[in-house]
Each structure stands twice: as C-alpha cells, then as structure tokens.
Amino acid sequence: MSKEEIIKIEKENTELNILQDTIITGWYFPKFPFVCNINISPNVKLFCKSLIEENNINGTINIYSSNNSELNLSLILKLYGNNELEIANYIEENQNVSQINIKVLQMDSKKSTIKTVGVIKKNTKDNDFTEKVKVLNIKEEKIKCMPELIVLSNEATANHSVTMKTFTDEELFYLESKGLNKLLAKKIIVEGFLNN
Amino acid sequence: MFKITNLNVLIKNKELLNNINLEIKEQEVHAIMGPNGAGKSTLLKAIMSYPGLQKSIGKIEYENQDITNKLPNEIANLGIYYLAQNPMAIEGVTTSELIRTALQEKGKWKDIFTFNKECNKICEILEIPKDFIHREINVSMSGGEKKKQELLIMHFLEPKLIILDEIDSGLDVDAVKIVANFLKEYLKEHEDCSILLVSHQPLLLKYLEPTHVHLLINKTFIKNGDKKLKDEILENGFQKFNGTML
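With respect to the overall build of chain A
Secondary structure assignment for chain A yields two helices and 13 strands. For a compact globule of 196 residues, the expected C-alpha radius of gyration is about 16 Å, and chain A comes in at 18 Å, within 12% of that figure. Here the C-alpha coordinates of chain A stretch approximately 55 × 35 × 30 Å along the principal axes. By the burial criterion, 51% of the 196 residues in chain A qualify as buried. Long-range contacts, defined here as pairs at least 24 residues apart, represent 72% of the contacts in chain A between residues at least 6 apart. Here chain A displays about 9,600 Å² of accessible surface, and carbon together with sulfur accounts for 46% of that area. Each charge class in chain A can be summarised by its mean position, and for the 24 positive and 26 negative side chains these summaries are 4 Å apart.

Quick word on the overall build of chain B
Helix and strand counts for chain B stand at eight helices and twelve strands. Its C-alpha atoms give chain B a radius of gyration of 18 Å, within 12% of the compact-globule value 18 Å for 246 residues. Taken over the C-alpha atoms alone, chain B extends approximately 55 × 35 × 35 Å along its principal axes. Across the 246 residues that make up chain B, the buried fraction comes to 50%. Looking at chain B alone, contacts between residues at least 24 apart form 68% of all its contacts between residues at least 6 apart. Taken as a whole, chain B presents about 11,200 Å² of accessible surface, with 46% of it coming from carbon and sulfur. Charge centroids of chain B, computed over 31 positive and 34 negative side chains, lie 3 Å from each other.

Section: the packing of aromatic side chains
Residues and elements named next belong to chain B. In total, this model carries eight aromatic pairs over all chains according to the counting rule given. Taken together, a centroid distance of 5.0 Å and an interplanar angle of 50° make the contact between F115 and F156 tilted. With F115 in helix α4 (residues 112–126) and F156 in helix α5 (residues 143–157), the pair connects residues that are 41 residues apart, well separated along the chain. For F115, a relative accessible area of 4% gives the class buried.

What about the sheet that holds strand β6 (residues 58–65) of chain A?
Across a sheet, paired strands are connected by hydrogen bonds in the backbone, their directions being either parallel or antiparallel. Residue and element names in this part refer to chain A. Spatial strand order, β2-β4-β6-β8-β10-β12: six strands in an open sheet with parallel pairing. Of all strands in the sheet, those with a lone pairing partner are β2 (13–18) and β12 (142–151), marking the two edges. Here the average twist between neighbouring strands, direction ignored, is 10°. The pairing of strand β8 (residues 83–91) with strand β10 (residues 111–120) spans nine bridges and is classified as parallel. Paired with E84 across the strands is T113, a residue of β10.

Observations regarding empty space enclosed by the protein
The final tally for this structure, using the stated rule, is one cavity of 30 Å³ or more. In this structure, the largest cavity occupies an estimated 50 Å³ of space. Forming the boundary of the largest cavity are S177 and K178 of chain A together with A76, G79, I80, Y81, K106, L157, E158 and P159 of chain B. Looking at the lining of the largest cavity, its residues break down into five nonpolar, two polar and three charged.

A closer look at the sheet that holds strand β10 (residues 194–198) of chain B
Residues and elements named next belong to chain B. Strand order across the open sheet formed by six strands is β6-β9-β10-β3-β11-β12, with mixed pairing between neighbours. In the strand order of this sheet, the two ends are held by β6 (80–83) and β12 (220–225), each with one partner. Put simply, the sheet's adjacent strands are angled 15° from each other on average, direction ignored. Relative to strand β9 (residues 161–165), β6 runs parallel, the two sharing four bridges. The partner of Y81 across the bridge, within β9, is I162. Contacts from helix α1 (residues 40–47) reach β3 (29–33), β6, β9, β10, β11 (212–217) and β12, with the element oriented near 145° to β9. Together, β3, β11 and β12 form the strand contacts of helix α8 (residues 227–236), whose direction differs from that of β11 by roughly 45°.

Quick notes on the interface of chain A and chain B
Chain A puts 19 residues into the contact, and the matching count from chain B is 26 residues. For the chain A face of the interface with chain B, the top three residues by lost area are F173, Y174 and K178 of chain A, together amounting to 35%. Between chain A and chain B we count one salt bridge in total. Note that E150 of chain B and K178 of chain A form a salt bridge whose closest N and O atoms lie 2.9 Å from each other. Counting across the interface, chain A meets chain B through six residue pairs in polar contact (both at pLDDT 80 or more). Contributions of two or more residues to the side of chain A that touches chain B are made by α1 (169–176) and α2 (182–195) of chain A.

A few points about the nonpolar core
Soluble globular proteins tend to pack their nonpolar side chains together in the buried interior. In this structure, L175 of chain A together with L151, L183, I195 and L197 of chain B are the most contacted members of the largest nonpolar core, which totals 69 residues. With nine residues, the top contributor of residues to this core is helix α6 (residues 173–189) of chain B.

Considerations on the side chain of E54 of chain A
Residues and elements named next belong to chain A. The residue E54 is located in strand β5 (residues 45–55) in this model. For E54, a relative accessible area of 13% translates into the label buried. Of the polar contacts made by the side chain of E54, one reaches the side chain of K31; its length is 2.8 Å.

Definitions and cut-offs
Residues numbered from 1 in each chain as written. Chains lettered and ligands numbered in written order. Predicted model: local features only at pLDDT ≥ 70, side-chain atom pairs only at ≥ 80, totals over all residues. Heavy atoms only, no water. Helix = DSSP H or I, 4+ residues; strand = E, 2+ residues; numbered from the N terminus. Rg over C-alpha atoms; globule rule 2.2 N^0.38 Å. Buried < 20%, exposed > 50% of the residue type's maximum accessible area, 1.4 Å probe, protein only. Contact = heavy atoms within 4.5 Å. Areas by Shrake-Rupley, 256 points an atom, 1.4 Å probe, with all protein chains shown as cover. Lys, Arg positive; Asp, Glu negative; His and termini not counted. Charge placed at Lys NZ, Arg CZ, Asp CG, Glu CD. Phe/Tyr/Trp six-rings, centres within 6.5 Å; stacked < 30°, edge-to-face > 60°. Pairing = 2+ DSSP bridges. Axes fitted to C-alpha atoms, helices over the stretch in contact; angles between N-to-C directions. 1 Å grid on protein atoms, 1.4 Å probe; cavity = no way out; pocket = protein on both sides within 12 Å on 5 of 7 lines; lining within 4 Å. Points joined across faces, edges and corners; volume = space filled by probe spheres on them. Nonpolar A, V, L, I, M, F, W, Y, C, P; charged D, E, K, R; others polar. Buried area = accessible area lost by both parts, 1.4 Å probe. Salt bridge = Lys/Arg side-chain N within 4 Å of Asp/Glu carboxyl O. Polar contact = N/O pair within 3.5 Å; in protein donor to acceptor, adjacent residues only side chain to side chain. Core = buried A, V, L, I, M, F, W, Y, C linked by side-chain atoms within 4.5 Å.

Structure (structure tokens):
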C-alpha cells in the first residue's frame, strides 16, 4: 500500500527517509539555499510526477537508492527568476531501477542552471538507471543543463540524455499555415512539450 | 480568384524567382512542373509567406485581397491550405488537438461527437486507421501516412485554394489513386475551390488531370499550356524546353 507525501523543504539541511512505497504529490521549496537528502529504504518504491512552478530555487536534492528499490521521478519545472537546482541519484546497492524524466521551461528572461547527477557505485550489481532532461527555451533566456553520469560498476545499465529545443521557424510556420497565430502556435507547442 | 502579378522572390538578397505571373479560377487544377531546383517549392512557400522569403516586386491577390505581405495564418484563414512536401512533425500535439484549435480559432468548432463521426468517415475514405487523429502530428509516420493525415486536416479546414507540394512523393501506387480521388471529390463538393500543385509524377497527373500546366525553368515560367504540355514534358523531358520563352 502506497502513502502520499508532500516534500516540504523547510530547513537548510533536510533528511527524509522513505520507509514504504510512497507517491510524492507535491514539493515545497524554500527561498534560501538548501540540501535535501532522500533515502529510499530497501525494497521500496518512490514515485513522483509533479509540476513545479517556482522562482529563485537554489538547492540540491540527493536521492539515495538502496537494495531493490525503485525510483520513478518525473518533474516538470516551470521556472521564473534565477534558479540553481541539482538533482542527484546515488545508487549504492543492488538491483535498483531509477527513471528520471525532467522537463524544464524558463518562463521569463532570467537564467537557470539545472544539474543532474547519476552515480552507480562500485561493486554494485544489476542496477538500471535512465535519465532524460528536456529543455524548451521559450524566450531569450539562458538555461544551462549539466548532466553527469558516473558508473563505477561493471554490471549496470545506464543512460542519460539532454535535449534542448526552441521554437523553430518550420514548426511555427506549419502551425500558422493551418490558421493559428504565432502566439497560439507557441502555446500549442509548449502544451505538447509538457504532455509529451 | 487567385492572381500573382510580376512576382520576384528573394532570400537574403539572392533571387529565387523572377517575373512570376499566374491566375487561377474556380474549379481549375494548375500543375507547376520543372526540373529540380527551378523554384517550384519556393513559389508555393512564397504564396504562404514562408519566413525568410522576400517578395521584392509584384503582388499576390486572393479573392480581390492583396495577400502579398499577409502572415501565414492570415492567408490560411482566408481559405488557402498548404501541404508541404515533407510535412512537419510536432511532438506532443495530436492531430485532433490541432484541428480543434484551428476550428475554434475560426469559430467553426461544433462538438466532439460530430467531429469524431466526421473523422471516422474521412479516415475510412483515406484508408488510414481511425486512431490517427489521436497520434502526434506526423510523428513516426511514413511519407504516405503524413500526406493522408494532412488531407484529413484539410478536410476540416475547408479551404478554397489547395496548394500541394509533391503530394505524391512517398505514396505507393494505390495511395496515389486514393489521394487523387479524395481531391477530385473535394473539388466536386466545393464549387468555389481550386488546386495548385507541384508534381513530376505521371500517375498523379493521370488521376488528377490538370486544366493548366506551367513550366518553371530557371526561376521563371517559360511556357504555359494545358494537359498537352504535361504530356509533352513527361514524354520529352525538360531539356527540349531550354531556350524556350513565353
């Protein structure tokens, strides 16, 4: 049986232990720099599918996976202001499955840096790690994406990808040639990006 | 109904088309033929105000309106539908969402039941699966499937001038017939409609016989005619016409 939880990061250093199957239903981020460590217990699943609309985040989320645990993290980050966010998954034991999907939209003309880290430790076995980061540049903003994947085990499956896109002339022209004005065309592309 | 007068088209000050003149009336099917790189696709894109293409001289008129400098969506909403040679894929957006949004913009959206019923009917005619409407626009589709999907969209937008850039590319023999028949039926059902197409392929031009043929060589129309010109071109190639001028 799963429990639902909202992750409230209220201190500079927060430690959370996930002892049973959990569905994260929301996040609360502070307006000061923070580090949040989430420890997934053995044989436990942590599932999160959240839309996070925030401004001026500055912090790190470290997720530690134990034996036979499962992490399924899907985040849509609609960001305002300047943000610096690191999301790391450390796989320290065996037979873990981690799937991380992050979509990033910068909604104004500020700057954000998103760092994603995956570490599979030495002497671990049968771990499966997949991470996909997709960024949509809406305006002239700068989004910096820094993916990092460190695999120290010989018996792991791991892959990560980052795709960055903006509105292309061809996409916009296609939708405009169907009768949509430019604003509506962009809106539909953003919605498509979020839904995809 | 549709008229181009003395049109020159440039990109970054480089001339792509020179002194183009064209007039299309209702129920006419105009075919533009010519060697690769002549400017055929450029002309179709220029009509739709494709970004980057400059119309330095000349005018394009549609239903007595000057559309030379109108935006693509404005041109589309006047009743012109453009089907590109390689239709764009838009991830995350389904065909049904696009059609619904476009119809809502025109104030022509009825209801989901009418829409679905009409969709099913058109999918059957075009011989495409009914779930196509719920797939992402042109994503992971074959060339032929993309073209049929574009015709499905066209049906709902009800254009009066249909502009087709090599619609037959990527279509198998049977699909060419289906597409041609679909267009012929559409033309029959819409008395004020006409078609402007680019094609090299005898099969499409056999099923969808043009009433007017224009030969575009080296950035300009060098000869205009009817279906006899088409037959001449298909038999003899373009070399015969090099050096010919209107």
